[in-house]
Amino acid sequence: MTDATITQGEVSEGSLHRALDWRGAFWVAAGVPPLVLFSIGGIAGITGKLAFVVWIISMVMGFLQSFTYAEMAGMFGNKSGGASIYGATAWLRYSKLIAPLSVWCNWFAWSPVLSLGCAIAAGYILNALAPIPAADAAAVTSWVGAHLADYTAQSQTVIDYISANAGTSVEDAIKAVATTDAIAALTPTVRTWEAASIAIPGLGTLHFNSTFVIGVLLMLVIFAIQHRGIHSTARTQKVLAIVVLVPLLLVGLVPILTGAIDSANVTALVPPAGLYSASEGVWNVGGWTLFLGGLYIAAWSTYGFETAVCYTSELKNPKTDTFKAIFFSGLLCVVFFFLIPFSFQGVFGHAGMLAPGIVDGTGVAEALGSMVSSAKVVTQLFVILMILALFLSIMTAMAGSSRTLYQGSRDGWLPKYLSHVNEHGAPTNAMWTDLGFNVILLALASDPGGYFYVLAISNVGYITFNFLNLNAGWIHRVDSGDRPRAWRAPTFLIGVNTVLAFVNALFLGAGAKVWGYEGALWSGVVFASLIIPVFLFRHYVQDKGKFPAAVYEDMGLPYGSLGTRRAGLWPYLALIAGAAVVLWANWFFVLPT
């Protein structure tokens, strides 16, 4: 169906341009490998010596799951928006609410890459332009020398320090307190500036500080690049990917080739004794909880190359290019998600990965640079590359998530205004919505504690989407087995991936609580439920209970008919079983005490 023949409530506000081959989609998805840098420190802190194993297991699962997504994408050459869109159609026969829920969960999982990436990038820019002085810096030493006489054994700060650090001498306490005060006095004002902070009950605190301001500016730059359409985006991504991924590949290979890997760092694999603990623990319930928590958050990165099929309606030849795009994107991710965590852990070890700059992400660039060379210029180069890597990931996220919103609108699940496309074929209203949503998230993520909260909540949506979509694979086989497919996955893989859907449900129930927020699972559920009133208004008020005509055409059904439910009760039983796994895992798995 063309825009000229739109009927029955279809939205006609332009369409995406077929300007890509599979290589273009591959380059747009090339922002996924740098996602390892978003949580490499956090996962190391949670899982200790198991960290590299977590990444490998998660990547293997993501690669297997992609074959189900590739098959579904090949069924809908006229759609965009990714696997959630293609899988959602399988659920339409069984519940109108499940389809938009899948799309919504995928979007609010991907979209926060913008805010999280910009928060880290802003931190690197601040470190470069207004660094906080080190304790051994000359300026700090000079300040301490000039003010040491101001401190005595009776100074309250000295008394407090000794109380908190039993056994410390008065002289050492005075030096420590003076050094802390010196760092605070010499820290540039921009690092502590904050225009306002707003506490949101049940969510966190929004911080409008220097990190927020820089992050917003970075988002606007990325928006401007993508405003010119997918072809322009793919060209920019190709340049960024080559500049970023080649040095990142060296980081993974050089320590292996030079023998810098310490075998003690990657053997005798046991979970840590607790969260961010340098001590080794045991394989008890607490240890398994930490391990599953690592797998939970790793999925947010390793599964992400499924975004390669977000651009099906922008491919010149979707019948051949769809599978190639996701398959080769998956192979690229296998290389990076296997190599980088292994080499990183092999060089730094469990204790080294617990450094504050590694855990919060701001020191990862320096660490990566040191794995290649001890020269200061190399470290500085990696800081620049880290910022570019973040740009690469953010570009991928905005391109994919905005097209999810766009197609969700075209298919009658999301508000109509999201289907607008500009003269370059860019879904600008969806992009503005992405940007506005992430401005709020950026204010939350501008605080280090809020960063992982955003990540933990958004991943509730991502795991939910994966559960629904992996089940959509077999539902499509049962209900639409006769529909043409550009590529057909081996049947045994469809079965394996159905099992993995429930493994993901296990990760969700056990893992969401690990990241310092007991209520992360329920916060994610609440946010997921927000789609219900949005969809009900669009579908029953605006569209009078019918989907746009293209939805029925894409399913090979007459207008207004959703077809026969050949799968019977099995989809409902899958939902009940998935919910049971999540609830049981959330009850059974507890953090080490």
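In the block above lies the structure referred to throughout.
It should be emphasised that the depicted structure is a prediction, and the values quoted were computed from it without experimental measurement. Here the residue numbers are simple positions, counted from 1 along each chain's written sequence. In view of the model being predicted, local features appear only for residues whose pLDDT reaches at least 70, and side-chain atom pairs are presented and counted only at 80 or more, with totals across whole chains, interfaces and linings using the full set of residues. Heavy atoms from the whole structure form the basis of all side-chain values; hydrogens and water molecules are not counted.

The buried label applies to any residue whose accessible area, calculated with a 1.4 Å probe on protein chains only, is under 20% of its type's maximum; exposed applies above 50%, and partly exposed to all values in between. To qualify as a helix, a DSSP run of H or I must reach at least 4 residues; to qualify as a strand, a run of E must reach at least 2; elements of each kind are numbered from the N terminus. Looking at helix H21 (residues 520-529), one finds that the buried residues are Ala 520, Leu 521, Ser 523, Gly 524 and Ala 528. Across the axial projection of H21, the buried residues extend over an arc of 165 degrees, all falling on one side. The reported arc concerns the directions from the helix axis to the C-beta atoms and nothing else.

Salt bridges are identified by distance alone: a Lys or Arg side-chain nitrogen within 4 Å of an Asp or Glu carboxyl oxygen. Tallying each qualifying case throughout the model produces nine salt bridges. Note that Glu 71 and Arg 485 form a salt bridge whose closest N and O atoms lie 2.8 Å from each other. Linking Glu 71 in helix H3 (residues 51-73) with Arg 485 in the loop between helix H19 (448-479) and helix H20 (491-511), this pair joins segments that are 414 residues apart in sequence. By the burial criterion, Glu 71 is buried, and Arg 485 matches it. The partner of Lys 416 in a salt bridge is Asp 543, with the nearest N and O atoms 3.8 Å apart. Placement of the pair is Lys 416 in the loop between helix H17 (376-410) and helix H18 (428-445) and Asp 543 in the loop between helix H22 (531-542) and helix H23 (549-554), with a sequence separation of 127 residues. We classify Asp 543 as buried; its relative accessible area is 9%. Among the charged side chains, a salt-bridge network with shared partners connects Glu 71, Arg 477 and Arg 485.

Let us look at empty space enclosed by the protein. In this analysis the probe radius is 1.4 Å and the grid spacing 1 Å, with only protein atoms considered; a cavity is a set of points the probe fits into but cannot get out of, a pocket is an open set with protein on both sides within 12 Å along at least five of seven lines, and lining residues have an atom within 4 Å of a point. Grid points are joined across faces, edges and corners, and a volume is the space filled by probe spheres set on the points. The tally for this structure, following the rule as stated, stands at four cavities of 30 Å³ or more. Considering only enclosed or pocket space, the largest cavity measures out at about 60 Å³ in volume. Forming the walls of the largest cavity are Leu 37, Val 244, Pro 247, Leu 248, Leu 368, Phe 382, Leu 385, Met 386 and Ala 389. Secondary-structure elements contributing two or more residues to the lining of the largest cavity are helix H12 (230-257) and H17.

For the rest of this paragraph, the subject is a nonpolar patch on the surface. There is a patch of nonpolar side chains on the surface, built from Leu 97, Ile 532, Leu 536, Phe 537, Tyr 540 and Val 541 and spanning about 510 Å² of accessible area. The topology assignment puts Tyr 540 in helix H22. Accessibility expressed as a relative area gives 44% for Tyr 540, which makes it partly exposed. Patch membership needs two things, relative accessible area over 30% and no salt bridge, and members are linked within 9 Å if like-charged or within 5 Å if nonpolar (Val, Leu, Ile, Met, Phe, Trp, Tyr). With residues, only the protein chains shown are counted as cover, and all accessible areas are computed by Shrake-Rupley using a 1.4 Å probe.

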